[in-house]
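# Structural overview for review
Letter by letter, the chains look like this.
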Amino acid sequence: MDSSSHRQPPVSNRFLQPEQLAAPHAGRAWSPTEVFAEGQWQSVRVRLEARGWNALQIEQIHDQLRQGWPLALAENNVAVISGHCPIKARRFH
């Protein structure tokens, strides 16, 4: 049996490749074209700012989103890591 007779399963587009998960540039520059389950990064960022998250926390949330965490869990993780969350951190539904 030669190796050419084995077919590879089709590649799924469900998950991002590791190079797509990395920050696009040194200095953690964000791109407004990044899209997560909750929407484009720019709109997610604006909502986080309006709810009182500081710049460092927002960047940590961004890193969590890039790793595949949903926004609610990313916010919770950052609150635990940083030891505090903004006063207006309640979710708007």
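### A look at helix α2 (residues 41-50)
Trp-41, Val-44 and Leu-48 are the residues of α2 that are buried. Angularly, the buried residues of α2 cover 65° about the axis, an arc narrow enough to put them on a single face. On its buried side, α2 packs onto β1 (35-36), β2 (39-40), α3 (55-66) and α4 (71-82). Gly-52 lies just past α2 and shows a positive phi near 100°.

### Brief notes about α3
The first and last C-alpha atoms of α3 sit 16 Å apart over twelve residues, in line with the 16 Å expected at 1.5 Å per residue. Among the twelve residues in α3, nine count as buried, and that is most of the element. Of the residues flanking the start of α3, the one acting as N-cap is Asn-54, its side-chain oxygen 3.1 Å from the backbone nitrogen of Leu-56. Once α3 finishes, Gly-68 follows within two positions and takes phi at roughly 105°, a positive value.

### Let's talk about the pattern of salt bridges
Any two side chains of opposite charge can pair, so long as their charged atoms come close to each other. For the structure shown, the criterion picks out five salt bridges. Residue Glu-49 is joined to Arg-45 by a salt bridge in which the shortest nitrogen-to-oxygen separation is 3.6 Å. Here the residue Glu-49 and the residue Arg-45 both occupy positions in helix α2, the gap between them amounting to four residues, near one helical turn. Of the charged contacts in the structure, one is a salt bridge between Arg-66 and Asp-63, with a shortest N-O distance of 3.3 Å. In this pair, Arg-66 and Asp-63 both sit in helix α3, three residues apart, roughly one turn of the helix. Three or more residues joined by partner-sharing salt bridges are found here, namely Glu-34, Glu-59, Asp-63 and Arg-66.

About the criteria used
Residues numbered from 1 in each chain as written. Predicted model: local features only at pLDDT ≥ 70, side-chain atom pairs only at ≥ 80, totals over all residues. Heavy atoms only, no water. Buried < 20%, exposed > 50% of the residue type's maximum accessible area, 1.4 Å probe, protein only. Helix = DSSP H or I, 4+ residues; strand = E, 2+ residues; numbered from the N terminus. Arc of directions from axis to C-beta. Contact = heavy atoms within 4.5 Å. Expected span 1.5 Å × (residues − 1). Polar contact = N/O pair within 3.5 Å; in protein donor to acceptor, adjacent residues only side chain to side chain. Salt bridge = Lys/Arg side-chain N within 4 Å of Asp/Glu carboxyl O.

Purely geometric numbers; function is a separate question.
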